[in-house]
Protein chains: 2
Amino acid sequence: MNRKSVAVDMDNVIADIETNWIASYNAEFGANVTSEDLIGKPENDAFPDPIAAKTLIYKPGFFRNAPVIEGAQEALRKLQEHFDIYIVSAAMEFPNSLAEKYDWLAEHFPFIHWKNIVFCGDKSVIATDYLIDDHLKNLDFCKGMPILFTAGHNVNVKKYRRVNSWSEVLELFEGELANS
Amino acid sequence: MNRKSVAVDMDNVIADIETNWIASYNAEFGANVTSEDLIGKPENDAFPDPIAAKTLIYKPGFFRNAPVIEGAQEALRKLQEHFDIYIVSAAMEFPNSLAEKYDWLAEHFPFIHWKNIVFCGDKSVIATDYLIDDHLKNLDFCKGMPILFTAGHNVNVKKYRRVNSWSEVLELFEGELANS
């Protein structure tokens, strides 16, 4: 049987951009934003000064220094035994992120081959059997099974199979393997 | 009717990497290689010293300074009237090329939106209705109709519909529109 393919988003799925963003915002503007403050709000509206928050994304190091989301490394190593894993990031919106994201992956996910990395704009041309992502703008147009990875901004979304952590991703795929 | 999508490779399809490579090789090693010398040879074997030739790809500016392939700009503008055009480059093999390719596209193809740019490794996860490419390694696994764009290294390939220039691409797609 052919191995099935899984596309995995980067920001807020394997790379903890939110933690980085909050720390950077608080340091830059002397604020006290916490991750709880962002819950249920669209990303572009979440910070007290959304325009100032957006400027931070363009600063060198914003993507390069993000922590890894808990459990992502171990889970992707395990999933790789049975699935073709592709990292698919809508990096093209922030061209400064291209090199940083490549280097970040090389450091934290050295077991992902460059052939399996995709930096794109619109993910609707990506054809994998599954897409794990935190954004409806990607999941709504994906060709495979959409899987919603919980992030502060999407807690009120009622569409799609939701996973709250990488251990829940592993459970879901164990089920998929058992049913295939 | 839904617009159909066309993936377009960069190197040797819209960006004249070969001309750049030959000039760079001759300047660096005092050689007299011409484009005729490369005809019918695999890219990795085409230069007198293939290993030395490969080192040139990693030099800053190699991708940024490539000329545009004749007719590519006008043809993609025209095709955009009827098709969704995606630039899909296997840039991940040369991470130094990511920023250079982005900037090159912004200069020469400003009418291509960032949402329509994909930098990847393996193109087998790209699902467009057509793929215009000079490499069998991409065309062999594409999900849509493969179109072989002539380059020195592929002149002996007998597979797939071949186009020798951007005016031949336009002719082909006029036929596709008429038949759809």
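The structure displayed is predicted, hence computed values, not measured ones. (Residues numbered from 1 in each chain as written. Chains lettered and ligands numbered in written order. Predicted model: local features only at pLDDT ≥ 70, side-chain atom pairs only at ≥ 80, totals over all residues. Heavy atoms only, no water.)

Overlaying chain A on chain B yields an RMSD of 0.0 Å, the required transformation being a rotation through 180° with an accompanying axial translation of 0.0 Å. Taken together, the turn and the small shift mark the pair as related by a two-fold rotation axis. Same-surface contact between copies: 100% of interface residues of chain A are shared with the interface of chain B. (Least-squares fit on C-alpha atoms with pLDDT ≥ 70 in both. Contact = heavy atoms within 4.5 Å.)

Each partner contributes residues to the interface: chain A has 20 residues there, and chain B has 20 residues. When chain A packs against chain B, close to 1,900 Å² is buried across both sides, 72% of that on carbon and sulfur atoms. Considering only the surface of chain A that becomes buried against chain B, A:Met92, A:Trp114 and A:Val125 emerge as the three largest contributors, covering 32% of it. Our count for the contact surface shared by chain A and chain B stands at 0 salt bridges. Across the contact surface, chain A and chain B share 9 residue pairs in polar contact (both at pLDDT 80 or more). (Buried area = accessible area lost by both parts, 1.4 Å probe. Salt bridge = Lys/Arg side-chain N within 4 Å of Asp/Glu carboxyl O. Polar contact = N/O pair within 3.5 Å; in protein donor to acceptor, adjacent residues only side chain to side chain.)

Let's shift gears to the domain arrangement of chain A. Residue and element names in this part refer to chain A. According to the domain assignment, chain A contains domain 1 (4–16 + 68–179) and domain 2 (17–56). With 11 residues of domain 1 at the contact, the number on the domain 2 side is 11 residues. Around 820 Å² of area is buried between domain 1 and domain 2 when both sides are counted, 47% of it from carbon and sulfur atoms. Interface area lost by domain 1 to domain 2 is led by Asp16, Gly152 and His153, which between them contribute 52%. Scanning the region where domain 1 abuts domain 2 turns up 0 salt bridges. Run the count over domain 1 and domain 2 and you get 9 residue pairs in polar contact (both at pLDDT 80 or more). Here the side of domain 1 that touches domain 2 is composed, by residue class, of 3 nonpolar, 5 polar and 3 charged. (Domains from an automatic or database assignment. Nonpolar A, V, L, I, M, F, W, Y, C, P; charged D, E, K, R; others polar.)

All names here are of chain A. You can see Gln73 is positioned in helix 3 (residues 72–79). Spatially, the C-alpha atoms of Gln73 and Glu107 are 11 Å apart, while their sequence positions differ by 34 residues. With residues near it in sequence (within four places) discarded, Gln73 still touches Val68, His108, Phe109 and Phe111. (Helix = DSSP H or I, 4+ residues; strand = E, 2+ residues; numbered from the N terminus.)

Residues and elements named next belong to chain B. Tallying each qualifying case throughout the model produces 14 salt bridges over all chains. Put simply, Arg3 and Asp84 hold a salt bridge, and the shortest N to O gap is 2.9 Å. On the criterion of sequence distance, the pair formed by Arg3 in the segment before strand 1 (4–8) and Asp84 in strand 2 (residues 83–89) is long-range, its members being 81 residues apart. Judged by its relative accessible area of 39%, Arg3 is partly exposed. (Buried < 20%, exposed > 50% of the residue type's maximum accessible area, 1.4 Å probe, protein only.)

Glancing now at the pairing of strand 1 (residues 4–8) of chain A. All names here are of chain A. With 4 of 5 residues buried, strand 1 lies mostly within the body of the structure. The pairing of strand 1 with strand 2 (residues 83–89) spans 5 bridges and is parallel. Its bridge partner lying in strand 2, Ala7 is registered against Tyr86. One ladder, built from 3 bridges, connects strand 1 with strand 4 (residues 130–133); its direction is parallel. Within strand 4, the position partnered with Val6 by the bridge is Tyr130. (Pairing = 2+ DSSP bridges.)

All names here are of chain A. Notably, Asn12 is not glycine yet its phi reads approximately 65°, a positive angle. Following the sequence through the fold, Asn12 ends up in the loop between strand 1 and helix 1 (17–29). Positive phi, close to 75°, is recorded for Tyr160, a residue that is not glycine. Position of Tyr160 relative to the elements: it lies in the loop between strand 5 (145–149) and strand 6 (161–163).

Before going further, it helps to examine the nonpolar core. Of all hydrophobic cores here, the largest spans 101 residues; its most connected members are A:Ile14, A:Phe119, A:Trp166, B:Ile14, B:Phe119 and B:Trp166. Setting aside chain neighbours within four positions, we find A:Trp166 in contact with A:Val8, A:Val13, A:Ile14, A:Ile69, A:Glu70, A:Gly71, A:Ala72, A:Ala75, A:Leu76, A:Leu79, A:Ile132 and A:Phe149. Core analysis: the next-biggest nonpolar cluster, separate from the first, contains 24 residues, A:Ala7, A:Leu148, A:Val157 and B:Ala7 among them. (Core = buried A, V, L, I, M, F, W, Y, C linked by side-chain atoms within 4.5 Å.)

Residue and element names in this part refer to chain B. The element strand 2 is extensively covered by neighbouring structure, given that 6 of its 7 residues are classed as buried. Summarising the sheet, strand 2 and strand 3 (residues 117–119) pair through 3 bridges and their orientation is parallel. The residue bridging Ser89 from the neighbouring strand is Phe119, located in strand 3. Note that the unit made of strand 2, helix 4 (residues 97–108) and strand 3 has a crossover that is right-handed. (Right-handed = clockwise from strand over helix to strand, strands pointing away.)

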